[in-house]
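For reference, the chains in residue letters:
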Amino acid sequence: PMEVYPFLSQFHIARIFGIAMIIGYIVYASRNEERNFFFNAPQDKVFLGLLFVILFSITVGWAPQVLNVFEQMAKNLVVYAVLIGTVTSQKRLKILLWMLMAFSAILAFNTVQEYRFLQMGARNVARLGGFSGGYFGGAGDFAVMMCTMVPFAYFFGVGGKPAALRPVALFFLALFIAAVVATHARAGVLVLGALAVGFGIFGVKNFSGFKKFLSVLLVAGAVIGTVALAPAAFKQRAASIAHYQEVGTATARIEYWKIGIKMFLSNPLIGVGAGNYPLRYWDFGGWEHLWRVPHNMYIEALSELGMLGFGCLFFLLYYTFKQGLATLRLLKEKAMQNTFLSAAAQGAMLSLFAYCVGGMFQSLFTYPVLYILIAIVISVHQIALKETGGSR
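Quick look at the structure, then. (Residues numbered from 1 in each chain as written. Predicted model: local features only at pLDDT ≥ 70, side-chain atom pairs only at ≥ 80, totals over all residues. Heavy atoms only, no water.)

**Let's talk about the packing of helix α4 (residues 90-116) against helix α6 (residues 166-183)**
- At a minimum axis separation of 8 Å, α4 and α6 run at an interaxial angle of 45°. Between α4 and α6, the angle falls in the class oblique. Viewed along their axes, α4 and α6 form a crossing whose handedness is left-handed. For the pair α4 and α6, the contacting residues are Trp98, Met101, Ala102, Ser104, Ala105, Ala108, Phe109, Thr111, Val112 and Tyr115 in the first and Val168, Ala169, Phe172, Leu175, Phe176, Ala178, Ala179 and Ala182 in the second.
- Per-class residue counts for the contact of α4 with α6 are 16 nonpolar, 2 polar and no charged. (Axes fitted to C-alpha atoms, helices over the stretch in contact; angles between N-to-C directions. Helix = DSSP H or I, 4+ residues; strand = E, 2+ residues; numbered from the N terminus. Parallel < 35°, antiparallel > 145°, perpendicular 65-115°, else oblique. Left-handed = near helix turned anticlockwise from the far one by under 90°. Contact = heavy atoms within 4.5 Å. Nonpolar A, V, L, I, M, F, W, Y, C, P; charged D, E, K, R; others polar.)

Take a look at the structure:
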């Protein structure tokens, strides 16, 4: 919140809350003999392995950069562990997801309002979102983050419980899409397109009767509404995806990827060191002084951490998607498809999918949102097992 409302910084809210949360959780876990603090999911071991790889990369990279990345990822691990350890019931899961959507809606509203008050000429060139609040590195990052909230708003709007909150979820859905449009980010367009396909598949497959009709109507309405109401500048940027060879930023991205591959090939095992892509950029043929990032989450991991780091990222995602699909199968077997837990499971899966699609075009490897989404998938799985009496 302090990133959006600077006057709150003097109260150190995040630091106080974080420390209190960690201490409280340790005390709570120590009093419950049946609760393991860690190592309940395969992702836990992979995450610790990733931290070790990052620290080990200090042998090839500039130490301060490596330690900065290590600190950020250690924070991500704490958030990940605390979420899994505390979100152990449907009630807590519901509180978490609605809080995430509500705060994201504040960011989305700020961005839409900022866009509305721009002068007409500025609307054609403005790149909002990344610089209007929050910790995001740019408009493309912000667009992807908004897209990760779209699935939760969609599924809670179609079949969430209680039904009284469905209009609120649908309002959030429209707000998140409007914020993506305001960024003019092509990554946001691509992720929304991928989500539309995902909604169509999940909606037709898992809903029945009126909910199936409503889900198809929502997808069609969102697509038609975006095309009809989006400003001309957004449509032009979206249309440029089909002719990326003629767009400077698109061709530059391909060159960033090539540079990242060269870094990986220079040291396939461990790369050039965590966070060291910007520092080694010119050594491998770079030409710019700004935006020295690979603009691809997977090449970011590959170039900076080699096969060891990329392998950790791969298995984190592999185990999480595998777990998410197992949750959906379990809920289907127990005839719990039209429940809050089912909506949360589908939303979490598509949210993570949206992040992974956005990761093809943005450097998102160290953002906490990825690890929050992984924690949510794990929490939903564990809650489903407890609710249904299933086995791991």
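**Some remarks on empty space enclosed by the protein**
- If you walk through the whole model with that rule in mind, you get 3 cavities of 30 Å³ or more.
- As a volume, the largest cavity reaches approximately 40 Å³.
- Top element by residues in the lining of the largest cavity is helix α12 (residues 297-333). It accounts for 3 residues.
- In terms of residue class, the lining of the largest cavity is built from 4 nonpolar, 2 polar and 2 charged. (1 Å grid on protein atoms, 1.4 Å probe; cavity = no way out; pocket = protein on both sides within 12 Å on 5 of 7 lines; lining within 4 Å. Points joined across faces, edges and corners; volume = space filled by probe spheres on them.)

**Points about the pattern of salt bridges**
- Inspection of every chain in the model, using the stated rule, returns 3 salt bridges.
- In this structure, Glu71 and Lys75 form a salt bridge, with 3.6 Å as the shortest nitrogen-oxygen distance. Note that Glu71 and Lys75 are positioned in helix α3 (residues 63-86) at a spacing of 4 residues, about one turn of the helix.
- Judged by relative accessible area, which is 47%, Lys75 ranks as partly exposed. (Salt bridge = Lys/Arg side-chain N within 4 Å of Asp/Glu carboxyl O. Buried < 20%, exposed > 50% of the residue type's maximum accessible area, 1.4 Å probe, protein only.)

**A few points about α6**
- With 18 residues, α6 ought to run about 26 Å at 1.5 Å a step, and its terminal C-alpha atoms sit 26 Å apart, in line with that.
- Listed as buried for α6 are Arg166, Ala169, Phe172, Leu173, Leu175, Phe176, Ile177, Ala179, Val180, Val181, Ala182 and Thr183.
- Within two residues after α6, His184 carries a phi angle of roughly 60°, on the positive side. (Expected span 1.5 Å × (residues − 1).)

**Observations regarding the packing of helix α2 (residues 42-56) against α12**
- Where α2 meets α12, the closest approach of the two axes is 9 Å, and the angle between their N-to-C directions is 165°. On the basis of their axis angle, the class for α2 and α12 is roughly antiparallel. Here α2 runs over α12; the crossing is left-handed. Touching Pro42, Gln43, Val46, Phe47, Gly49, Leu50, Val53 and Ile54 of α2 are Leu305, Leu308, Gly309, Cys312, Phe315, Leu316, Tyr319, Thr320 and Gln323, all from α12.

**Quick look at a nonpolar patch on the surface**
- A cluster of nonpolar residues, Tyr5, Phe7, Phe11, Ile13, Phe17, Met21, Phe103 and Ile106, forms a patch on the protein surface that exposes about 740 Å² of accessible area.
- Broken down by element, the nonpolar patch gets its largest block of residues, 3 residues, from helix α1 (residues 13-31).
- On the secondary structure map, Phe11 appears in the segment before α1.
- According to the relative accessible area criterion, Phe11 is partly exposed, its value standing at 45%. (Patch = residues over 30% accessible without salt bridge, like charges linked within 9 Å, V, L, I, M, F, W, Y side chains within 5 Å. Areas by Shrake-Rupley, 256 points an atom, 1.4 Å probe, with all protein chains shown as cover.)

**Considering the packing of aromatic side chains**
- Per the stated rule, a full pass over the model turns up 22 aromatic pairs.
- Above the ring of Phe340, the side-chain terminus of Lys94 is found at 4.9 Å from the ring centroid. (Phe/Tyr/Trp six-rings, centres within 6.5 Å; stacked < 30°, edge-to-face > 60°. Lys NZ or Arg CZ within 6 Å of the ring centre and 35° of its normal.)

**What to know about helix α13 (residues 340-358)**
- End to end, α13 covers 26 Å across 19 residues, agreeing with the expected 27 Å (1.5 Å per residue, within 8%).
- Summarising burial for α13: 18 of the 19 residues are buried, a large majority.

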